Structures are given as structure tokens and as C-alpha cells.
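# Chain and residue survey
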Amino acid sequence: FIFIGLVVAAFACVNTYNKIVDFKENRRYAEVGQATSVAMSATVAMSLERSVTQVSLALADPTPRAFRDIINDQRDIASDGLQAAIQMISSSEFLSTRDEFEQQTQSAIDSMFKLRKEVDTMLTQPKSDRNPQRSYNVPYEIKAEVVSLRNATDLLRNHLAISTSL
């Protein structure tokens with residue numbers, strides 16, 4: 001009877017250990033999933049910012065307040081979301097693509113900071129005072145950053161790179 005008791009206890013310990021490993025792995029997947037969702041929402045906001053910016057730069061007059069409000073709201077959503085996603089992922093040592101995600105996302109944030117300064121100046125001017133080549137190119141440069149962020153977010157979706165080690 002003692003032998004059977006020991007075998008049952010050993011199976012119970014192995015089962016408990018496996019449940020703990022499964023729980024930790026599921027929690028990791030949930031953390032990465034949440035960061036992915038936040039990053040994608042931020043990227044969508046930046047894409048909307050780009051669209052409204054492109055329309056605004058095509059207008060003959062300086063940008064109307066309503067368009068500026070939309071642009072500013074989307075900037076806030078994008079900036080806050082991207083910073084939150086970076087923060088969520090920064091503690092995810094198990095994610096092999098963490099550093100690449102952080103670097104690529106931060107690079108896009110830095111590029112957007114520069115582009116936004118240029119856009120802000122252009123949006124206060126009538127079309128006749130804007131550099132026509134820059135007015136044409138800037139939305140495409142913003143789009144390139146949106147694509148870069150989508151690619152960075154794809155790095156988070158690589159669940160095969162998540163280690164199952166405790």
C-alpha cells in the first residue's frame with residue numbers, strides 16, 4: 001500500500017507541476033496578446049492620423065480646427081498605446097523578439113516625432129506656402145512608419161519563440 005501511495009503522490013506532484021507550467025505559459029501568452037492588441041490599436045490610430053494629415057495637406061487653407069483635433073487625438077492614442085506596449089513587453093524576458101520589437105517601435109516613435117513637427121508647421125500654412133514635394137511625401141513617410149509598426153507587432157505574434165522554461 002505504501003508503494004501505491006508513493007506512486008499516486010508522485011503522479012499528483014507531476015500533475016501539479018505541469019499545471020503550474022501551463023498556467024505560467026498561458027499567462028505569458030495573455031501578456032503578449034494584450035501588448036499585441038495595444039500596439040495594433042496604436043498603429044491603427046497612427047494610420048488614421050496619417051489619413052487626416054494627407055487630406056489636410058491637400059486643402060488650400062490652413063487645417064481646420066476639427067481636423068487638427070482628430071489628428072491630435074489620434075497622436076495621443078498612438079503615443080500612449082505604443083509606450084504602453086513597450087512597457088508591457090519590456091518585462092517579457094521569455095520573448096526572444098522583445099528587443100527587436102522595442103527597437104523597431106522606438107525607432108518609429110522617434111521618426112514620427114520629427115515628422116509631426118514638420119506636419120504641424122505645414123498645417124498652419126495655406127497650401128501655396130507649403131513645400132509641395134514635402135506635402136506629397138510626408139503622408140507616405142508616415143505610412144512607412146505605420147508599416148514598420150505593423151511589422152514590429154508581428155514580432156509579438158511569434159508565439160513559437162516563447163520559451164516554456166520556468
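In what follows, the structure referred to is the one given above.
Right, let's walk through the structure included here. Worth saying up front: this structure is predicted, and the values here are computed from it rather than measured.

### Points about the overall build of the protein
Secondary structure summary: the protein contains four helices and zero strands in total. Starting at the N terminus, the α and β elements of the protein follow one another as α-α-α-α. For the protein, the share of sequence-separated contacts (at least 6 apart) that also reach a separation of at least 24 residues comes to 78%.

### Re the pattern of salt bridges
Throughout the structure, instances matching the rule amount to eight salt bridges. Among the ionic pairs, D99 bridges to R98, the shortest N-O distance being 3.3 Å. Here D99 falls in the partly exposed class, since its relative accessible area comes to 40%. Residue classification places R98 among the buried residues on the basis of a relative accessible area of 17%.

### Re the side chain of T53
Here T53 shows up in helix 1 (residues 2-58). In this structure the side chain of T53 is engaged in a polar contact, spanning 2.8 Å, whose partner is the backbone oxygen of E49. With sequence-adjacent residues up to four places away left out, T53 is seen in contact with I71, V119 and I142.

### Details of the packing of helix 2 (residues 65-90) against helix 3 (residues 98-123)
With their axes 10 Å apart at the nearest point, helix 2 and helix 3 run at an angle of 160° to one another. Between helix 2 and helix 3, the crossing angle belongs to the class labelled roughly antiparallel. Once helix 2 is placed against helix 3, the crossing between them reads as left-handed. For the pair helix 2 and helix 3, the contacting residues are R68, I71, R75, A78, S79, L82, Q83, A85, I86, I89 and S90 in the first and R98, F101, E102, T105, Q106, I109, R116, V119, D120 and L123 in the second. Residues of the contact of helix 2 with helix 3, tallied by class, amount to 10 nonpolar, five polar and six charged.

### Overview of helix 2
Two residues of an α-helix separated by three or four positions point the same way, owing to the 3.6 residues in each turn. With 26 residues, helix 2 ought to run about 38 Å at 1.5 Å a step, and its terminal C-alpha atoms sit 37 Å apart, in line with that. Within helix 2 the residues assigned to the buried category are R68, I71, Q74, R75, A78, G81, L82, A85, I86 and I89.

### Here we look at the environment of S41
Looking at the secondary structure, you find S41 in helix 1. On the basis of relative accessible area, S41 is assigned to the partly exposed category, the value being 43%. Along the sequence, S41 and I77 sit 36 residues apart, while their C-alpha atoms lie 8.2 Å from each other.

### Some thoughts on the packing of aromatic side chains
With the rule as written, the count across this model stands at one aromatic pair. Aromatic pair Y136 and Y140: ring centres 5.2 Å apart, planes at 45°, arrangement tilted. Note that Y136 and Y140 are positioned in helix 4 (residues 132-156) at a spacing of four residues, about one turn of the helix.

### Quick word on the nonpolar core
Across soluble globular proteins, you tend to see nonpolar side chains buried next to one another. Counting residues in each nonpolar core, the largest one holds 31 residues, and the members touching the most others are M46, F101 and L156. When contributions to this core are tallied by element, the ones reaching two or more residues are helix 1, helix 2, helix 3 and helix 4. Leave out the neighbours within four places in its chain, and L156 touches V32, A35, T36, I89, L95, T97 and F101.

Definitions and limits used
- Residues numbered from 1 in each chain as written.
- Predicted model: local features only at pLDDT ≥ 70, side-chain atom pairs only at ≥ 80, totals over all residues.
- Heavy atoms only, no water.
- Helix = DSSP H or I, 4+ residues; strand = E, 2+ residues; numbered from the N terminus.
- Contact = heavy atoms within 4.5 Å.
- Salt bridge = Lys/Arg side-chain N within 4 Å of Asp/Glu carboxyl O.
- Buried < 20%, exposed > 50% of the residue type's maximum accessible area, 1.4 Å probe, protein only.
- Polar contact = N/O pair within 3.5 Å; in protein donor to acceptor, adjacent residues only side chain to side chain.
- Axes fitted to C-alpha atoms, helices over the stretch in contact; angles between N-to-C directions.
- Parallel < 35°, antiparallel > 145°, perpendicular 65-115°, else oblique.
- Left-handed = near helix turned anticlockwise from the far one by under 90°.
- Nonpolar A, V, L, I, M, F, W, Y, C, P; charged D, E, K, R; others polar.
- Expected span 1.5 Å × (residues − 1).
- Phe/Tyr/Trp six-rings, centres within 6.5 Å; stacked < 30°, edge-to-face > 60°.
- Core = buried A, V, L, I, M, F, W, Y, C linked by side-chain atoms within 4.5 Å.

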